[in-house]
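Overview (structure and organization)
So the chains spell out like this:
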Amino acid sequence: MTPPIRVLLVDDQALLRSAFRVLVDSETDMEVVGEAADGAQAVELARSTRADVVLMDIRMPGTDGLAATRLISADPELTGVRVVMLTTFEVDEYVVQSLRAGASGFLGKGAEPDELLAAIRIAAAGEALLSPAATKGLIATFLAQGGGSGGGEGARATEYSERLSALTGREREVLVLVAGGHSNDEIAERLAVSPLTVKTHVNRAMAKLGARDRAQLVVIAYESGLVRPRAE
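These lines cover the structure that appears in this document, whether it is placed above or below. Not measured: the values here are computed from a predicted model.

**Concerning the overall build of the protein chain**
Counting secondary structure elements, the protein chain contains eleven helices and five strands. Counting only residues that meet the buried cut, the protein chain has 46% of its 232 residues in that class. Sequence-distant contacts in the protein chain: of pairs separated by 6 or more residues, those separated by 24 or more amount to 68%.

Printed below as a string of structure tokens:
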């Protein structure tokens, strides 16, 4: 029997955490293993509870969700932990920062219960919570922030560009389509290959680029300059 998905709830609003707990614990394939009111406590509980998925609020007093996500992503003992950022709006000024910090995706706090539960399952499976619509919003936010230019971001872009040289032509092609918000099935149809073949290319690209998941691939594609967003 597959063990339930272990979920950690992080939000400074106790009432919201309680609502999430009731929803998550009502499912047979997942359970809440802890609650945190700030980022610092979230990092501690991520280590002690060995949560599979962390639902992380971005805006919190003290250590916020971005800082906590960076700490979780940088901890080699927590490589299996997936962070889903909770935002007031599906796309806001923190989306790009949250993905750069290592989040697997983001979800609006106004999402329907079924959407939240699906997000937990998607993240636990190692997939990224980036729908085509969300990716489109991410690109728009990336544009508004000036992409990956300047300072440390410029250095990161150079590093990613160097890693891209290790990709095969087909892997680069798949990466461009992933950055466009296309699913594996859609990419398979475009390239006339099987979804399994696409998944293999995606996994190899992640390994070569040091990406945790699909969400990180999207950020790398734009920061490296492989894909350049166009304003509509």
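**With respect to the sheet that holds strand β1 (residues 5-10)**
In space, the five strands of this open sheet follow the order β2-β1-β3-β4-β5, with parallel pairing throughout. On the outer flanks of this sheet lie β2 (30-36) and β5 (105-108), each paired with one strand and no other. Averaged over all adjacent pairs, the angle separating strand axes in this sheet is 25 degrees, with direction ignored. Set on the sheet, helix α1 (residues 14-25) makes contact with β1, β2 and β4 (82-87); between it and β2 the angle comes to about 160 degrees.

**Remarks on the environment of Val198**
Turning to its location among the elements, Val198 is positioned in helix α10 (residues 195-209). By relative accessible area, which is 0% here, Val198 ends up buried. Sequence spacing of Val198 and Ala188 is ten residues, and the spatial spacing of their C-alpha atoms is 6.1 Å. In this view, Val198 contacts Val174, Asn184, Ile187, Ala188 and Val193; residues no more than four positions away in its chain are not counted.

**Some thoughts on the pattern of salt bridges**
A side chain with one charge can pair with a side chain of the opposite charge if their charged atoms come near. Going through the model one piece at a time under the given rule, you end up with ten salt bridges. Between Asp75 and Arg47 there is a salt bridge, with its nearest N and O atoms 2.9 Å apart. Note that Asp75 is positioned in the loop between α3 (65-74) and β4 and Arg47 in helix α2 (residues 39-49), a separation of 28 residues in sequence. Judged by relative accessible area, which is 12%, Asp75 ranks as buried. We classify Arg47 as partly exposed; its relative accessible area is 39%. When the shortest N-O distance is used, the salt bridge between Lys208 and Glu171 registers 2.9 Å. Of this pair, Lys208 sits in helix α10 while Glu171 is found in helix α8 (residues 169-179), placing the two residues 37 residues apart along the sequence. By relative accessible area, which is 34% here, Lys208 ends up partly exposed.

**Observations regarding the nonpolar core**
Ranked by size, the top nonpolar core spans 24 residues in total, and within it Leu8, Val10, Val54, Met56, Ile72, Val83 and Met85 carry the most contacts. Of all the elements in the fold, those that place two or more residues in this core are β1, α2, β3 (53-57), α3, β4 and α11 (214-223). For this core, the leading source of residues is α2, giving four residues. The residues contacting Val54, other than those within four sequence positions of it, are Leu8, Val10, Val81, Arg82, Val83 and Val84. If you look at the next biggest cluster of nonpolar residues, it comprises 23 residues, including Leu167, Leu177, Val178 and Leu191.

**So, the pairing of β4**
The element β4 is extensively covered by neighbouring structure, given that six of its six residues are classed as buried. Of the two faces of β4, the one holding Arg82, Val84 and Leu86 and the one holding Val83, Met85 and Thr87 are both buried throughout. Judged from the five bridges that link them, β3 and β4 form a sheet pairing that is parallel. Each bridged residue has a counterpart across the sheet, and for Met56 the counterpart in β4 is Met85. In terms of handedness, the path from β3 via α3 over to β4 forms a crossover that is right-handed.

Reading guide: rules and limits
Residues numbered from 1 in each chain as written. Predicted model: local features only at pLDDT ≥ 70, side-chain atom pairs only at ≥ 80, totals over all residues. Heavy atoms only, no water. Helix = DSSP H or I, 4+ residues; strand = E, 2+ residues; numbered from the N terminus. Buried < 20%, exposed > 50% of the residue type's maximum accessible area, 1.4 Å probe, protein only. Contact = heavy atoms within 4.5 Å. Pairing = 2+ DSSP bridges. Axes fitted to C-alpha atoms, helices over the stretch in contact; angles between N-to-C directions. Salt bridge = Lys/Arg side-chain N within 4 Å of Asp/Glu carboxyl O. Core = buried A, V, L, I, M, F, W, Y, C linked by side-chain atoms within 4.5 Å. Right-handed = clockwise from strand over helix to strand, strands pointing away.

Don't take any of this as a statement about function, it's just geometry.
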